[in-house]
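Here are the chains, one letter per residue:
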Amino acid sequence: MSISGRRSSAFGSTKGIRISGKISRFVLAVMFAFAACVLVEAQSLGAAGTIQGKIADSTGAVIPGATVEIKNPVTGFDRTTTTDSSGLFVFRNVPENSYHLAVTAKGFEVAQQDVDVRTAVPIDLTIALKVATSSEAVEVHAAAGDLLENDPSAHTDVDSAITAKIPLESTQSALSQIITYSSPGVVADSNGFFHPLGDHAQTSFSIDNQPISDQQSRVYSNQIPAEAIQSMELITGIPPAEYGDKTSLVAIVNTKSGLGQTQPMGRVSTSYGSFGSVGSTIDFGLGSAKYGNYFSAGGLRTGRFLDPPEFEAIHDKGNSESFFDRADYQPSKSDSLHLDLFLARSWFQAPNTFDQAAAGQDQRQQTKTFNIAPGWTHLFSSATLLTASAFVRQDRVQYYPSADLFSDQPETVGQGRRLTNTGFRIDLSHVKGRHNIKAGFQYSHDSLSENFRFGITDPTVNPVCLDNSGNPVLDPTITDPATCASHGFTPNPDLKPGLVPCDLTRNGTLLSFKDSGGIDQQALYAQDTISLGGLTANLGVRGDHYSGLTEKYMVEPRVGLSYRIGQSNTVLRTGYARTLETPYNENLLLSSAVGAGGLAANVFSPTTAAPLTSGRRNQFNAGFQQALGRYLVVDADYFWKYTHNAFDFNTLGDTPIAFPIAWRKSKLDGFSVRVSLPEIHGFRGYTVMGHTRARYFNPEVGGLFFDTNPPTGVFRIDHDQAFQQTTNLQYRFLKRRDGWAAFTWRYDSGLVNGSVTDYATALTLTADQQAAIGLFCGNVFATLSSPISSCSDPHRGALRVRIPADGTENDDRNPPRIAPRHLFDLGMGFDNLLRTDRHKLTAKFTVVNLANKEALYNFLSTFSGTHFVTPRSYTAELGFTF
């Protein structure tokens, strides 16, 4: 049985959308014309800047050999350089932030000042040193006010100096884990997945000015290695106008560069750990004033590649290899070019339950990723910078069934999926007086190719007939419900006739689905950050055009205000954003295969379906920053997001084929808090926490609907979590050996788990499923060989899920949840074990889940199934740096 998508019939008519689109086009054209005028004399920026200048004495004579340091005590960013024979210095690839700059030279007083990097336009400084009148040392430190940022958007700045010491459980999704552990309001999920501020996966990445909005977890793609990341800015507040598509969290990533590194610098390491995990990495950077190259390559083989559905890893081997390279060339002071290359491959087994292992299930997946992204900047003047970049990125996923299809229970599936994203972005930035103007244009094209094969391997999944007791009839020769009566049976009222031809237990054949399509997106944006004393205003507008299976135009105003109260070291902020929410691209064609040629009508009938359209969101934020003395910063933010057409995921039966769907609307609100302690006497730390209410409203309005009688009302989605927090503490000791220790405490109150609404429902689970949740009745616990079929003991429940008391479950007010969990991780190491000057031996030891807590991320989730957290595991690493 084969189905091929046809754009003319499979997706229905978009006439209504196009008519309403005409109304918006005039407004959008006016906005585009306004932004184009701005482009004549202004433009946008990359995510990193340059601080450069000259050091001289009071007579104007240059001072060679002076030491210049820039430092941000909150993020841990710290760089030092010396002036050349002309008294010049330069810091490139500096993340946008506030810095404390200090200059020291023999015979001169220390010069200190604050530098605010808010644009890619280079900052030129001329600093005059005074002759020292005393031999006393001067302490260099940042004042309390230097810990604050007068920025209207809530965000977290993360530097590699801190992230390198966070104990992580997985290197193949280290980028996702760093975001989860560093940014407030982010909920951890399995396999490197995370949910930002109540949304499923509304996250965009900007890697060296390349926009990426496709999913980046282990099962969808391959991530760039953490070793290649220099710094990140994680925006969770009002997104500036230059960012669109998916903006619940925007991760601006700057990679490492070899430009200006006249001495070769690099690192080689190898590691071994639990589950037979063996890994190795090599990093190398070298350059000059004009050329630079940095690359990072690594590989991993492990017996626990994905988070499995059992605490014990069964059929879970995997390996991954990646290579990242960044080349820089600066032919003149006005022009610079860079090229990012990324290649990665991962292969892994789909982890089994005990039941699946007993059946001999052997499903596997391979994911290949490549990325090519050139970029160019041109400095028109000391105040105007042009930035242009292009990109092509592809994820190719192959999912393989077992060799014996009947080993896959209750269904077998195979998939081939390719997602290619190409496009370009042009930005211009202009700084003049109080104004920091940005404007730009972005175009992208997503090429989608999807095919999958599906078959039923369990005769009880879709029986044609039922016997007199209501049990499925297993006779493989009965395929027509009209013949049930002649055999003494009754037709199955829930039969899906379209699935009978692909029921392998009834002599059917595999369903084959194949389709391809494309999505075009254009965006034009302009914004101005205005500084008026203690007030900072970020005023912007963005115009988006989404043209894929459906079409949408939208004009999106963005407003952010922040005010700094100097006397109390306080920053107050508020903002509003209107955003266009675009559908997820993964299996979008499958989900929108509707109409006469689609899956809903031909195969899964009486299922219904509708093509996915873009959503629209109104977002409000309000928050503050407060410096407490010189060593503590509190940053808190409240958010409220109201979305029409809110996206989520569903799965095709009991298979890993996930596809996007849409609900009528969602209301998300909550708060996020970060408390940062800059380094003091070798000790530093931070705490991030968040609370979210993710309320979604029926019915489904886009994608495949498997419920022909959709419920009404409001419910909590399965990525709703009441509270989570992460505390990371780091301490440096034995200075000559660069010793350090790091400790992480993660608490999660538990995601919504809608599959076990009461104890009676738990009794219908299989023995394996009951054992997974730790179901008990009195002192009796369910095991693989002894499930619990009934219970009259009032002391009953489950260890790893919270089952509402009988009659109290409410989808909105009292939904079932995963049980709360506390996880503790520990890391310790030496960055200069042998106390050498340049070539250093490093050592690191990490323990994840120190208490060996047996806990779940989720259970029978409609998106991802069942997954356990990592049990106690150890990793030892040796490295050599130069």
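Being a predicted model, the structure only gives us computed values, none of them experimental.

1. Points about the environment of D480
1) Next: Turning to its location among the elements, D480 is positioned in the loop between β25 (465-466) and β26 (490-491).
2) Next: Through-space distance from the C-alpha of D480 to that of C465 is 8.7 Å; in sequence the pair is 15 residues apart.
3) Next: A distance of 3.0 Å separates a polar side-chain atom of D480 from the backbone nitrogen of A482.

2. Let's talk about the sheet that holds strand β14 (residues 229-235)
1) Next: Within the open sheet, the 5 strands sit side by side as β9-β14-β15-β12-β13. Their pairing is mixed. Only two strands of the sheet have a single partner each, and these edge strands are β9 (155-159) and β13 (210-212). Ignoring which end each strand starts from, the neighbouring axes of this sheet average 15° apart.
2) Next: Note that β14 and strand β15 (residues 249-255) share 6 bridges and pair antiparallel. Paired with E233 across the strands is I252, a residue of β15.
3) Next: Sheet strands in contact with helix α4 (residues 174-182) are β9, β12 (203-207), β14 and β15, and its direction is about 50° off that of β14.

3. Overview of the packing of aromatic side chains
1) Next: Evaluated as defined, the whole model comprises 27 aromatic pairs.
2) Next: Ring centres 6.1 Å apart and planes at 35° place the aromatic pair F880 and F882 in the tilted group.
3) Next: Within the aromatic cluster, the residues linked to one another by ring pairs are F284, F295, F323, F880 and F882.
4) Next: Sitting above the plane of the Y686 ring, R674 keeps its charged end 4.3 Å from the centroid.

4. Focus on unusual backbone geometry
1) Next: Residue P410 follows Q409 across a cis peptide bond; omega there is 0°.
2) Next: Within the secondary structure, P410 is located in the loop between β22 (384-400) and β23 (411-432).
3) Next: Here the bond from N698 into P699 is cis, since omega is 0°, no more than 30 degrees from zero.
4) Next: Summarising the element assignment, P699 is placed in strand β35 (residues 683-705).
5) Next: We note that D738 has phi near 50°; this positive angle belongs to a residue other than glycine.

5. Quick notes on the pattern of salt bridges
Any two side chains of opposite charge can pair, given that their charged atoms come close.
1) Next: By the definition in use, this model includes 31 salt bridges.
2) Next: Residue D307 pairs with R304 through a salt bridge whose shortest N-O separation is 2.9 Å. This pair shows no difference in class: D307 is buried, exactly as R304 is.
3) Next: Measuring nitrogen to oxygen at the nearest pair gives 3.8 Å for the salt bridge that ties R800 to E854. Of the two residues, R800 is situated in the loop between β41 (796-798) and β42 (801-802) and E854 in the loop between β45 (840-848) and β46 (856-861); the sequence distance between them amounts to 54 residues.
4) Next: Assessed through its relative accessible area of 35%, E854 is described here as partly exposed.
5) Next: A network of salt bridges, in which partner residues are shared, links R695, R716, D720, D812, R813 and R817.

6. Looking at the pairing of β15
1) Next: The element β15 is extensively covered by neighbouring structure, given that 7 of its 7 residues are classed as buried.
2) Next: Of the two faces of β15, the one carrying L249, A251, V253 and T255 and the one carrying V250, I252 and N254 are both buried.
3) Next: With 5 bridges joining them, β12 and β15 adopt parallel strand pairing. From the neighbouring strand, S204 faces β15, where its bridge partner is V250.

7. Re the state of the cysteines
1) Next: For the structure shown, the criterion picks out 2 disulfides.
2) Next: What pairs with C777 in a disulfide is C791, and their sulfur atoms sit 2.0 Å apart. Between C777 and C791, the S-S dihedral sits near 85°, and the bridge is therefore right-handed. Highlighted residues: C777 in strand β39 (residues 775-777) and C791 in the loop between β40 (780-781) and β41, separated in sequence by 14 residues. Of the two residues, C777 and C791, neither departs from the other in class, the shared state being buried.
3) Next: Cysteine pairing for the protein chain, with bonded cysteines counted in sequence order: 1-2, 3-4.
4) Next: Looking at C502, it has no disulfide partner, and the nearest cysteine sulfur is the one in C465, 17 Å off.

8. Some details on the sheet that holds strand β7 (residues 111-117)
1) Next: Read across the sheet, 4 strands follow the order β4-β3-β6-β7 without closing on themselves; strand pairing throughout is antiparallel. Edge strands, defined here as strands with exactly one partner in the open sheet, are β4 (78-82) and β7. Strand-to-strand twist in this sheet, taken as the mean axis angle between neighbours without regard to direction, amounts to 20°.
2) Next: Here strand β3 (residues 67-71) pairs with β4 via 5 bridges, running antiparallel. Looking at the pairing, I70 lines up with R79 of β4.

9. What to know about the pairing of strand β34 (residues 658-680)
1) Next: Across 18 bridges, the pairing between strand β33 (residues 633-651) and β34 is antiparallel. Across the sheet, residue D635 finds its bridge partner in β34, namely R674.
2) Next: Between β33 and β34, which follow one another and run antiparallel, lie 6 residues, and G653 among them has a positive phi close to 60°.

10. Some remarks on a nonpolar patch on the surface
1) Next: On the surface, Y291, Y329, L337 and W376 cluster together into a nonpolar patch covering about 380 Å² of accessible area.
2) Next: Inspection of the secondary structure assignment puts L337 in strand β20 (residues 335-349).

What counts as what
What you see as residue numbers is a count from 1 along each chain, following the sequence as written. Totals for whole chains, interfaces and linings use every residue, but because this is a predicted model, local features are given only for residues with pLDDT of at least 70 and side-chain atom pairs only at 80 or more, for both listing and counting. For side-chain calculations, the full set of non-hydrogen atoms in the structure is used, while hydrogens and water are omitted. Only DSSP runs of H or I reaching four residues or more are called helices, and only runs of E reaching two or more are called strands; each is numbered from the N terminus. The term polar contact refers here to a pair of N or O atoms within 3.5 Å; inside protein, the definition further demands a hydrogen-donor-capable atom paired with an acceptor-capable atom, and it admits residues adjacent in sequence only when both atoms are side-chain atoms. Strand pairing requires that DSSP identify at least two bridges connecting the strands. Between N-to-C directions, angles span 0 to 180 degrees; the directions come from axes that are lines fitted to C-alpha atoms, helices contributing only their stretch in contact. Whether two residues touch is decided by their heavy atoms; if any such pair falls within 4.5 Å, the residues are in contact. Centres within 6.5 Å make a pair out of two Phe, Tyr or Trp rings, where for Trp the six-membered ring is used; the pair is then stacked when the planes are under 30 degrees apart, edge-to-face when over 60, and tilted otherwise. Either the NZ atom of lysine or the CZ atom of arginine qualifies as a charge over a ring when it sits within 6 Å of the ring centre and within 35 degrees of the ring normal. Here, a salt bridge means any side-chain nitrogen of Lys or Arg that lies within 4 Å of a carboxyl oxygen of Asp or Glu. Residue burial is assigned from relative accessible area. The probe radius is 1.4 Å, only protein chains are included, and a residue is buried under 20% of its type maximum, exposed over 50%, and partly exposed in between. The disulfide definition used here is simple: a pair of cysteine sulfur atoms within 2.5 Å. Note on patches: the residues involved have over 30% relative accessible area and no salt bridge, like charges join within 9 Å, and the nonpolar side chains Val, Leu, Ile, Met, Phe, Trp and Tyr join within 5 Å. Per-residue accessibility takes into account occlusion by the displayed protein chains alone, with areas from the Shrake-Rupley method and a 1.4 Å probe.

The values reported here are purely geometric and, on their own, carry no functional implication.
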